Amino acid sequence: MSDQNTPPGPQFPGQGGPQYPGAGGPQQPQFQPPQQPYQQQAPYQQPNAPYEQVQVGDGWQQEPPKKKRGKLIPIIAALAMVVVVAGGGIFAYGKLNGGKQPDAVLPGTAIGYLRVDLNPSAGQKLAALRFLMKFPSAKDKLKLTGDKDDLRQKIFEAIKSNDDSGDLKDVDYAKDIKPWMGDRIGLAVLPTPEGQKEPSVVFAVESKDDEAAAKALDKGSKPGEKVGRAFSDGYLLVGETQAEVDSAVAAAKNGVLADNEKYKADLDKLGEPGFATLWADFAGVAKLAGDKAPVKANPVGNGSVAAALRFDAQYVELKGIARSDQELVAKASDASELVTKLPGTTAAAISVSGVDSSIDALWKNLEKGEIGDLVQGFSEQTGLKLPDDLKNLLGKNLSVVVDKDASAGPKIAARFETDPAKAEPVVEKLTTLLRQQSPVQVPIEIAKDGDTLVVSTDKEYAAKVLESGNLGDSENFKVALPDVKGATGIVYVDFDNANGVLEAMGEKTSADVKAIRSAGLVARNTGNFEGEFTLRVVAK
């Protein structure tokens, strides 16, 4: 798929274009919206080219590459990748074996953590291999041949073959990796040390032979470079510098992550940890963002999130929970009613319930930060009054849906359960802004009935979305979203239909994407400032 394009006209901070007052950039001339309401425009006009050749402004712009943190030497990255996908595949999981886990040697001050256990059952290894064989790139790059492949070795060899630095040329899996590496790995993100701009990242790799592990690190290091390392209770701790590793070891003496009360409560709530477990502390992550955030506020409060990666022969699933000390989203649970009644020809859809209440909660939290100037500048540029216009438009519940038919241009619709009398003036403001900023006249059609307003790029599709459909009866939908009852938010993609849309727009879809049947994300508010979510991707 292509990179996201940078739209013409006013842009938010970080996009590289004009910035609104108070956003840190120079003040630009302010756009004055017309005083007269939007009048009927000419039908949708296209240049003398097929649809897929239509460009907006200067065309699709590739974002400049983002600066990356200095990477660990190749051997450390190789170890991490091998461990993540070895012994049964990145999605396999099974009953955890006994013994110490990485959280027992990593510091309790960690703000983020990833654990992988490489001792799944033989059945899970078989399922993972069969799943990976469905994806051409995995089969080709890993040189998979069948159910008896050793993924640990396959992944290492793939990494080694793509190591342009040559640091791994003398590292042999059978001699240098297999003899000492155990079944478990942990990765901890630690608070930014004083005097540094980036947080510390420390790996904990289970070691069966500390001497052999040290030799492997030295063998894979660049000349004159010695990787930061330490050995602690059956684990090899590795970091970019020795100072970072020593600091982590010292912090662990004052308390390990396994004894962190918030972490323990989250893992207990999560249940079966699966093959991989992820955990993060909201407050720590917000502090880490610091001055890099466009708005200096923590909209998610003091809480945490935990998730487990689990696998079935047919799909991969990430199941998680989130906790906070404040309400993050509304307690409404109507999203299932919204999404299941969308048209059966849907390629992709998002449905969210309790939108107006969620906006109130989010806005209240954002106002604690430096959002005032940003909002004022945005209002002056667009003529929108926030958050009132946003609430009037989005209403109580909303769905955004894309149809599989894109032969005459994409059919996109937004269905709002709101007061049309209050929402239509907001639509007019946004339509005027869109038409003034884009050389392509995008069609805007409206259909309404009672407390429902549909805005679409196609008149017939607007009426179709307004009616009750049968998306919930689709087999692709059911396998990706088997339980949507009580959902606050739902995201669904039918890849067969979505691929057709992309191809109609001139985009090429890879064979790997074509191997995916459907995907779904469901989230619920479970009360007491807690929620849960499940992301599932289904292969054909």
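Reading the values: rules and limits
- Residues numbered from 1 in each chain as written.
- Predicted model: local features only at pLDDT ≥ 70, side-chain atom pairs only at ≥ 80, totals over all residues.
- Heavy atoms only, no water.
- Helix = DSSP H or I, 4+ residues; strand = E, 2+ residues; numbered from the N terminus.
- Buried < 20%, exposed > 50% of the residue type's maximum accessible area, 1.4 Å probe, protein only.
- Areas by Shrake-Rupley, 256 points an atom, 1.4 Å probe, with all protein chains shown as cover.
- Core = buried A, V, L, I, M, F, W, Y, C linked by side-chain atoms within 4.5 Å.
- Expected span 1.5 Å × (residues − 1).
- Arc of directions from axis to C-beta.
- Contact = heavy atoms within 4.5 Å.
- Pairing = 2+ DSSP bridges.
- Salt bridge = Lys/Arg side-chain N within 4 Å of Asp/Glu carboxyl O.
- Polar contact = N/O pair within 3.5 Å; in protein donor to acceptor, adjacent residues only side chain to side chain.

Enquirer: Can you walk me through the overall build of the chain in this structure?
Expert: Of the regular secondary structure elements, the chain holds 18 helices and 16 strands. When burial is assessed residue by residue, the chain has 45% of its 540 residues classed as buried. When the accessible surface of the chain is split by element, carbon and sulfur atoms take 52% of a total near 27100 Å².

Enquirer: I'm lost on the nonpolar core in this one. Help?
Expert: General note: in soluble globular proteins, nonpolar side chains tend to be found buried as a group. In terms of nonpolar packing, the biggest core is built from 30 residues, with Phe135, Ile177, Trp180, Val205, Leu236 and Val238 touching the most fellow members. At the level of elements, helix 5 (173-177), strand 2 (181-190), strand 3 (200-207), helix 6 (210-220), strand 5 (235-239), strand 7 (304-311) and strand 15 (516-527) are the ones that each hand at least two residues to this core. In terms of residue count, the dominant contributor to this core is helix 6 (three residues).

Enquirer: Would you take a moment to explain helix 7 (residues 242-253) for this structure?
Expert: For an α-helix, 3.6 residues make a turn, and residues three or four places apart therefore share a direction. With 12 residues, helix 7 ought to run about 16 Å at 1.5 Å a step, and its terminal C-alpha atoms sit 17 Å apart, in line with that. Along helix 7, the residues classified as buried are Glu244, Val245, Ala248 and Ala252. Burial along helix 7 is one-sided: seen end-on, the buried residues are contained in an arc of 100°. Exposed side of helix 7, more than 90 degrees from the buried face: Ala243 and Lys253 are the residues found there. For helix 7, the elements touching its buried residues are strand 2, strand 3, strand 4 (228-232) and strand 5.

Enquirer: In this structure, what is going on with the environment of Glu503? I would like to understand it.
Expert: Take Glu503: it is sitting in helix 17 (residues 495-504). When its relative accessible area of 42% is taken as the criterion, Glu503 is described as partly exposed. Setting aside residues up to four positions removed in sequence, Glu503 forms contacts with Thr509 and Lys514.

Enquirer: Just to check I follow, could you spell out the pairing of strand 5 for this structure?
Expert: Looking along a regular strand, one sees the side chains alternate between the two faces of the sheet. By the criterion of burial, strand 5 is predominantly enclosed, with five of the five residues buried. Side chains Tyr235, Leu237 and Gly239 project from strand 5 onto one buried face, and the interleaved Leu236 and Val238 project onto a second face that is buried too. Where strand 3 lies against strand 5, four bridges are found, and the strand directions are antiparallel. Along strand 5, the bridge assignment pairs Phe203 with Val238. Pairing of strand 4 with strand 5, which is carried by five bridges, proceeds in the antiparallel orientation. Looking at strand 5, one finds that Phe231 is bridged to Leu236. Between strand 4 and the antiparallel strand that follows it, strand 5, lie two residues; Asp233 among them carries a positive phi value of about 50°.

Enquirer: Would you take a moment to explain the pattern of salt bridges for this structure?
Expert: Pairing is possible between side chains of opposite charge, provided their charged atoms come close. Tallied over the full model, the rule gives 22 salt bridges. The salt bridge involving Asp281 is made with Lys262; its shortest N-O contact spans 2.6 Å. With Asp281 in strand 6 (residues 276-281) and Lys262 in helix 8 (residues 261-270), this residue pair connects regions lying 19 residues apart in the sequence. A relative accessible area of 28% places Lys262 in the partly exposed class.

Enquirer: What is the right way to read helix 15 (residues 459-466) from this model?
Expert: Here helix 15 has its buried residues at Tyr461, Ala462 and Val465. Buried residues along helix 15 cover an arc of 105° about the axis, so they all sit on one side. For helix 15, the exposed residues set more than 90 degrees away from the buried face come down to Lys459 and Glu460. Residues of helix 15 that are buried sit in contact with strand 10 (397-403), strand 11 (412-417), strand 12 (445-449) and strand 13 (452-456). Measuring from the side-chain oxygen of the N-cap residue of helix 15 to the backbone nitrogen of Glu460 gives 3.1 Å; that N-cap residue is Asp458.

Read these as layout, nothing more, since geometry by itself doesn't imply function.
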